[in-house]
Amino acid sequence: MTTEILIAGFGGQGILFAGKFLANMGMLEGRYLSWLPSYGPEMRGGTANCSVVLSDAPIGSPIVNRPDVLVAMNLPSLDKYEDSVVPGGTIFVDSTLIDRKVKRTDVRVFYVPATGTANEQGIAKLANMIIVGKMMKECDFLPYSGIENAVRTVVGAKHADLFDVNMKAIDLGYNFES
Amino acid sequence: MENKVLMKGNEAIAEAAIRAGCRHYFGYPITPQTELAAYMAKRMPKIGGTFLQAESEIAAINMVYGVAATGRRVMTSSSSPGVSLKQEGISYIAGSDLPCLIVNVERGGPGLGGIQPSQSDYFQATKGGGHGDYHLIVLAPSSVQEMADMTSLAFDLAEKYRMPAMLLADGTVGQMMEPVVLPEEKNVEFTEKDWAVTGTKCARPHHIVNSLYLVPEELEQKNFERFERYAKIEETEARYESFMMDDAEYCIVAFGIAARVSKNAVLAARAEGIRVGLIRPITLWPFPKKALKDASEKVKGFLSVELSMGQMIEDVRLSIGCSKPVELVNRAGGMIMSPEEVVAGIRKLKEGEAK
């Protein structure tokens, strides 16, 4: 099975970090994976996106043109990528920042007020991981049991103090009832 | 599994170079290869190596020339516009028969171009680039693993044949992360070479590194000798990967990231019942001519898939003596084709052939 994930939003929302979390988790699970960031000048305050492919077989293209899973963390990203999601795919929307509904009717949609929740909970900047938590709940391409190890790996020894807040954000997303 | 690390392609080149015994890096920053230089800046001082950010690409390649003359492993890296600046120095290094590694993480051109991935420096890399008759050994990695493995290989081949080697990558392979098994640390102990400029200690005749020969007979002889070596390389060092070619009626030729996209296209086309395969040149010089020639006896047509206006397609046509149709699927300027665009190209090739 191959899962193609596209995470998109503003630069500074932790788009690439969310992707790195999935990549690390994939690696710890022994899956084939690729992680490809957008690296244009638009990263500075503009839009950022990141393609993650997880598979049981060697990966061809690392570029996600037709995502199975789309995370839209701002309106321009939803506008740009909504149509590219495969029928039957899943879209996660940060409903604090995006005030419109998804137009597609052939996809699963989860609205998570991630940015608002992160601010309320005093973990601003971790809206990305709240959405990741919801993704862990609703999608089964990676097992829940792998989360702790993956968070530990992706925050690294140098920033081990960030382990708890990242876990908190994931838990908030995982337990969020829409 | 436990030996695998998650790394960017650019970083994998840097770490692999260090493990291959490279202790001298000279460069000048440019997107999308900057992580390579940044990695070297961090690591080299800790292991007694040299990282130097030169005042320009031209200065950097001439520093490479200097270290190469001493027989030590040395490298530089840049992206397209920066590699253009290095061409004079590369020609001098080739003309002096010295080994070194040059990495080009290509971006769109010409001119200052853009910063998104491209393969439009194919001609420059494989047909000379600088002035005079010479070649580089050109390797085209298509994964982070190959970024690491081919770095080691490039140093070995460069040293074996006493000529510069180039890794021709692109912004995608440079920026992406994949799990990679890094090569073992090589014994970096320096072996004296019978051509290296290391000081005679008044105990041996001078070794002279030079690319200036004012006597034409002598210069001609140098060129003849160099091309005898090139002929041997063309015979023995061509490398390629063959993917689903056994029963293929059509053959895609693509390298680097275009080959990754093409693999998806091969599977999609086969799901439609079109028997297509892929030959992925791993060495762009020497080009795997024989593999294509052999394939041309079995397939009905070829599709060159490139991130350029069509450069490698000329080598595809030459390799098969224009005996079969060769079509092009391409994007340029930093754009990348989708697998669907490649499949459309295969369908078109099939329809054209049916007429």
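> Break down the domain arrangement of chain B for me, with residues and values.
Residues and elements named next belong to chain B. Each assigned domain of chain B is listed with its residue range as follows: domain 1 (4-187 + 223-236) and domain 2 (240-354). Between the C-alpha centres of domain 1 and domain 2 the distance comes to 26 Å. Taken residue by residue, the interface counts 32 residues in domain 1 and 27 residues in domain 2. Taking both partners together, domain 1 and domain 2 bury about 2400 Å²; carbon and sulfur atoms supply 58% of that area. Our count for the domain 1 to domain 2 interface comes out at 4 salt bridges. In this structure, Lys-289 and Glu-234 form a salt bridge, with 3.2 Å as the shortest nitrogen-oxygen distance.

> Summarise the environment of Gln-53 of chain B; cite the residues concerned and give the values.
Tracing the backbone through its elements, the reader meets Gln-53 of chain B in strand β3 (residues 50-53). The sequence separation of Gln-53 of chain B and Phe-26 of chain B amounts to 27 residues, and the corresponding C-alpha distance is 6.0 Å.

> Describe the interface of chain B and chain A, with residues and values.
Chain B puts 26 residues into the contact, and the matching count from chain A is 21 residues. Taken together, the connections running from chain B to chain A amount to 6 residue pairs in polar contact (both at pLDDT 80 or more). Those elements that place two or more of their residues in the side of chain B that touches chain A are β1 (4-8), α8 (171-175), β8 (177-181), α10 (256-271) and α13 (339-354) of chain B. Here the side of chain B that touches chain A gets 5 residues from one element, more than from any other, and that element is α10 of chain B. Looking at the side of chain B that touches chain A, its residues break down into 13 nonpolar, 7 polar and 6 charged.

> Quick one: what's the story with the pairing of strand β2 (residues 24-27) of chain B, residue by residue and with numbers?
All names here are of chain B. Alignment of β2 against β3, held across 4 bridges, turns out to be parallel. Looking at β3, one finds that His-24 is bridged to Thr-50. Looking at chain direction, β2 and strand β4 (residues 74-78) are connected through 2 bridges and run parallel. Directly across from His-24, in β4, lies its bridge partner Val-74.

> So what's going on with the pattern of salt bridges? Which residues, and what values?
A side chain of one charge can pair with a side chain of the opposite charge when the charged atoms of the two come close. Inspection of the entire model under this criterion finds 32 salt bridges over all chains. With its nearest N and O atoms 2.8 Å apart, the salt bridge here joins Lys-134 of chain A to Glu-138 of chain A. With Lys-134 of chain A and Glu-138 of chain A both in helix α4 (residues 127-138), this residue pair falls 4 residues apart, about one helical turn. Look at Lys-134 of chain A and you get buried, because its relative accessible area is 1%. Among the charged side chains, a salt-bridge network with shared partners connects Asp-247, Glu-249, Arg-270, Arg-275 and Lys-300 of chain B.

> Pulling in residues and values, what's your account of empty space enclosed by the protein?
Residues and elements named next belong to chain B. The full count for this structure, using the stated rule, is 1 cavity of 30 Å³ or more. Estimates place the volume of the largest cavity at around 30 Å³. Considering the residues around the largest cavity, the lining is formed by Arg-72, Arg-73, Pro-99, Cys-100, Phe-155, Ala-158 and Glu-159. In terms of residue count, the dominant contributor to the lining of the largest cavity is helix α7 (residues 144-161) (3 residues). Partitioned by chemical class, the residues of the lining of the largest cavity number 4 nonpolar, no polar and 3 charged.

> If you had to explain the environment of Ala-69 of chain B to someone new, which residues and values would you point to?
All names here are of chain B. Its location among the elements puts Ala-69 in helix α3 (residues 57-69). You can call Ala-69 buried: its relative accessible area is 11%. Once the C-alpha coordinates of Ala-69 and Val-209 are considered, the two residues, 140 residues apart in sequence, prove to be 6.5 Å apart. The residues touching Ala-69, leaving out its near neighbours within four places in the chain, are Leu-98, Trp-195, Ala-196, Val-197 and Val-209.

> Describe in detail the sheet that holds strand β13 (residues 301-306) of chain B, supporting the description with residues and values.
Backbone-to-backbone hydrogen bonds pair the strands of a sheet. The strands run either parallel or antiparallel. All names here are of chain B. Read from one edge to the other, the open sheet built from 5 strands follows the order β9-β11-β10-β13-β14, with strand pairing classed as mixed. The open sheet has two free edges, formed respectively by β9 (240-243) and β14 (326-330), since each of these has just one partner strand. For this sheet, the mean inter-axis angle between neighbouring strands, taken without regard to orientation, is 20°. Across 4 bridges, strand β10 (residues 250-253) lies against β13 in parallel orientation. Paired with Ile-252 across the two strands is Leu-303, which belongs to β13. Strands β9, β10, β11 (276-281) and β13 of the sheet are contacted by α10, whose axis makes an angle of about 170° with β11. Of the strands in this sheet, β10, β11, β13 and β14 touch helix α12 (residues 312-319), which is tilted by about 155° from β13.

> Give a detailed account of the sheet that holds strand β5 (residues 100-106) of chain B, specifying residues and quantitative values.
All names here are of chain B. One open sheet accounts for 7 strands, arranged β3-β2-β4-β5-β7-β6-β12; its pairing is mixed. One side of each edge strand has no neighbouring strand; the edge strands of this open sheet are β3 and β12 (283-285). Averaged over all neighbouring strand pairs, the angle between strand axes comes to 20°, with direction disregarded. Sheet topology places β5 next to strand β7 (residues 164-170); 7 bridges connect them, and they run parallel. By the bridge assignment, Val-103 is partnered in β7 with Leu-167.

Basis of the calculations
- Residues numbered from 1 in each chain as written.
- Chains lettered and ligands numbered in written order.
- Predicted model: local features only at pLDDT ≥ 70, side-chain atom pairs only at ≥ 80, totals over all residues.
- Heavy atoms only, no water.
- Domains from an automatic or database assignment.
- Contact = heavy atoms within 4.5 Å.
- Buried area = accessible area lost by both parts, 1.4 Å probe.
- Salt bridge = Lys/Arg side-chain N within 4 Å of Asp/Glu carboxyl O.
- Helix = DSSP H or I, 4+ residues; strand = E, 2+ residues; numbered from the N terminus.
- Polar contact = N/O pair within 3.5 Å; in protein donor to acceptor, adjacent residues only side chain to side chain.
- Nonpolar A, V, L, I, M, F, W, Y, C, P; charged D, E, K, R; others polar.
- Pairing = 2+ DSSP bridges.
- Buried < 20%, exposed > 50% of the residue type's maximum accessible area, 1.4 Å probe, protein only.
- 1 Å grid on protein atoms, 1.4 Å probe; cavity = no way out; pocket = protein on both sides within 12 Å on 5 of 7 lines; lining within 4 Å.
- Points joined across faces, edges and corners; volume = space filled by probe spheres on them.
- Axes fitted to C-alpha atoms, helices over the stretch in contact; angles between N-to-C directions.

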